[in-house]
Amino acid sequence: MGATRRGGQRARRGATVLLAGMLATLSGYALLASWQQTQMVQQVSVAGSNVAAYQQAAYRSALEMALIQAALGESGGAERQQLLAADEQAYTAMLHIVAVDRGRAQQARAIAGRQQNLRPTIELFLGQLDRGDTAAARATLETVIEPSYARISSRLAEEQSRHLSDYTDQQASARRDSQRMLWGSLITFGLSLIVLALFGWSARVHRRQVELMAATDALTGLPNRVAFSAHAQQALADAKRSGTPTVLIINIDGFRDVNDQLGPAIGDRLLIQAGGRLASSVRDSDLVARLGGDEFAVLLRDSDAEEAEKVAHRLREIFHQPYLLDDITVDLEISIGAVTAEPGDEVSTLLRHADIAMHAAKQQHDGYRRFTARHSQDCTARLTLLGDLRRGLDDSDQLTLHYQPKIAVGTGTLVGVEALARWHHPTKGLIPPNQFIPVLENTSLIHRFTDHVLTLALCQARRWLDAGHRVPVAVNISTRSLLDPTFPDRIAAHLGTAGVPGELLCIEVTEHSVMNDPTTAIEALRNIRSLGVKTSIDDYGTGYSSMSYLKMLPIDELKIDRSFVCDMATDTSSHALVASTIRLGHDLGLTVVAEGVEDTTTVAALAALDCNTAQGYHYARPQPADDLTQRFQLDVPPRRKAPVAVR
């Protein structure tokens, strides 16, 4: 797609340069034609001026000669009086041809010179007439004046004829040039129209390319969200004629890990291959688009629920094939949410419902879910619950802590407590932690909640400490909080504010929290332990941590999950698992806590295995701090440093 786009850009730049060159050429031709027209008009004008000048000179010379001849016949007549003025006008006309005929200036000056040389002879002629010497005047006329006039007239006629010929040639040439320029102008006009048409075509092509780019995902070359929405809108409009459309939203499970561990370049290549696989797995009438990130969408224009499920199954099978990226083989799965349009549905509604179904499929790890009204209700309920939780954090009476004792198996004494969050909703009453904690863990609000729980737990530890009792308190921490780089500093701030030593706080995390990002988790646990705070692995046995990681983890305590403890007295497999975990913990120097202890038989079995600590309904249910204080009278050894947990 990138190469195609760059090729299109080069083509557009080339077309623009070509069109600009053609416009410059046409403009240059127009300027040249205009200059040539000006020159041609000027040349014709000069030739015409020359012809007119010679005609005027010939006329003045002929008039002067006629007046001389008339004066000879009647010396006292009016012609005699006009002769000198006529001679002056003839001479002026001769000077004018000298001025205008620059091409034959020498010949013009020669003619003017003869006219000037004739003046003394004319004056002599007039003198003779004035004296009455008609014979002498006639002789002067016949021997000098008339021959000179004949030569002047002959030369004027020759030059006039020459210039008249030039003028005729110039006119003919001008007509030919005008015709050429007319054709040139027509051609120029035609080319201008072609250039304008090319500009229009180029603009349309560019607009189409821009529209295509605006509707195309730059990485995969698939249609983007804008294009998908437009096609989905058209499919909804054509539903009665073409069938009801179905929308699939597809999300790549684990893509973030690929991006984080292998780098964005590998992630981009994976997305390109994934888009290609999806596009090749649907019908030509269907549409595959990339909505953004690792999320794709498929528009099935005329499919029912059964057909959509078949398509989803086919997409999952194709996606399960390994991706080979250089020397790296990546195996991933996808989660698909589907929704079929109902009357009155809009594109945004379809996308939202398909997205809700996709997230339900991802949470349940079943790969495919079709949207139902219940999904919408669950989503609305979660959003409402989240808003209520945000307001509950600002109300000290809503979110409180109950504490469950942790008892030394060998002595039966209280060695710590685990704090468990309780939410007293103002209208819904008591809401169990398993209903609101998962909602919090998917948002950044979990950080406020964790800070709130730490504040309550440490303030209670301070009150017990002020009463002379050292009661370690344990707080359960979510994955997001553990991996937050500011979390250790926040713990230190809470300890300082409450005035509680770090040894009276224990941070409990699950195997899943640690294995989600082992490097970051281990560093966070080390920083927490540097504050003197104890650390514990909760629900051990339900996760997937390896022995090597357990060896590396900076922890003080191992808590065996209740699913293994509750039936260990009657189930040999559970008993064996608990026994091996206790030995493993002791060998690693850890305190081992058994959760879910509900009868004396289990207590005896744990004692036989030398388990350190137990907690469960056999000893006490979680209860408010005041009730716990009254019931056990805080029989806590002053130097004991066992942990207490908060959920």
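What counts and how
- Residues numbered from 1 in each chain as written.
- Predicted model: local features only at pLDDT ≥ 70, side-chain atom pairs only at ≥ 80, totals over all residues.
- Heavy atoms only, no water.
- Patch = residues over 30% accessible without salt bridge, like charges linked within 9 Å, V, L, I, M, F, W, Y side chains within 5 Å.
- Areas by Shrake-Rupley, 256 points an atom, 1.4 Å probe, with all protein chains shown as cover.
- Salt bridge = Lys/Arg side-chain N within 4 Å of Asp/Glu carboxyl O.
- Helix = DSSP H or I, 4+ residues; strand = E, 2+ residues; numbered from the N terminus.
- Buried < 20%, exposed > 50% of the residue type's maximum accessible area, 1.4 Å probe, protein only.
- Contact = heavy atoms within 4.5 Å.
- Axes fitted to C-alpha atoms, helices over the stretch in contact; angles between N-to-C directions.
- Parallel < 35°, antiparallel > 145°, perpendicular 65-115°, else oblique.
- Nonpolar A, V, L, I, M, F, W, Y, C, P; charged D, E, K, R; others polar.
- Core = buried A, V, L, I, M, F, W, Y, C linked by side-chain atoms within 4.5 Å.
- Left-handed = near helix turned anticlockwise from the far one by under 90°.

Student: Quick question: what am I supposed to make of a nonpolar patch on the surface here?
Tutor: Side chains of Leu182, Trp183, Leu186, Ile187, Leu191 and Ile194 sit close together on the surface and give an oily, nonpolar patch of about 610 Å² of accessible area. With respect to the helices, strands and loops of the structure, Trp183 is situated in helix α4 (residues 134–214). Taking the relative accessible area as the measure of exposure, Trp183 reaches 57% and is therefore exposed.

Student: How do you make sense of the side chain of Gln460 when you look at a structure like this?
Tutor: For Gln460, the position within the fold is in helix α13 (residues 445–466). Classification of Gln460 by relative accessible area gives buried; the value is 8%. Gln460 has contacts with Tyr403 and Ala625, leaving out every residue within four places of it along the chain.

Student: Hey, could you run me through the packing of helix α12 (residues 433–441) against α13 in this one?
Tutor: Relative orientation and spacing of two packed helices are given, respectively, by the angle between their axes and the distance between those axes. Put simply, α12 and α13 touch, their axes get as near as 7 Å, and they point 125 degrees apart. Between α12 and α13, the angle falls in the class oblique. Two secondary-structure elements touch here, α12 through Phe436, Ile437, Leu440 and Glu441 and α13 through Leu445, Ile446 and Phe449. A breakdown of the residues in the contact of α12 with α13 according to their chemical character gives six nonpolar, no polar and one charged.

Student: Is there a simple way to explain the nonpolar core in this structure?
Tutor: Considering soluble globular proteins, one finds that nonpolar side chains tend to be buried as a cluster. Counting residues in hydrophobic clusters, the biggest one holds 75 residues, and the most contacted among them are Tyr403, Phe436, Phe449, Ile491, Leu505, Ile507 and Leu606. The element that contributes the greatest number of residues to this core is α13, accounting for 10 residues. Residues in contact with Phe436, not counting those within four places in the same chain, are Leu385, Leu389, Leu399, Ala421, Trp423, Ile431 and Phe449.

Student: Where do I start with the pattern of salt bridges in this structure?
Tutor: For side chains of opposite charge, pairing can occur when their charged atoms come near one another. Under the definition given, this model contains 16 salt bridges. For Asp451, the salt bridge goes to Arg490, with nearest N and O atoms at 3.0 Å. Of the two residues, Asp451 is situated in helix α13 and Arg490 in helix α15 (residues 487–498); the sequence distance between them amounts to 39 residues. Three or more residues are tied together by salt bridges with common partners; here these are Glu418, Glu508, Lys559 and Glu595.

Student: It is not clear to me how the packing of α13 against α15 should be interpreted in this structure. Could you clarify?
Tutor: At their nearest, the axes of α13 and α15 sit 9 Å apart, and the two run at 30 degrees to each other. Between α13 and α15 lies a crossing whose hand is right-handed. Residues His447, Thr450, Asp451, Leu454, Thr455, Leu458, Cys459 and Arg462 of α13 lie in contact with α15, whose contacting residues are Phe487, Arg490, Ile491, His494, Leu495 and Ala498.

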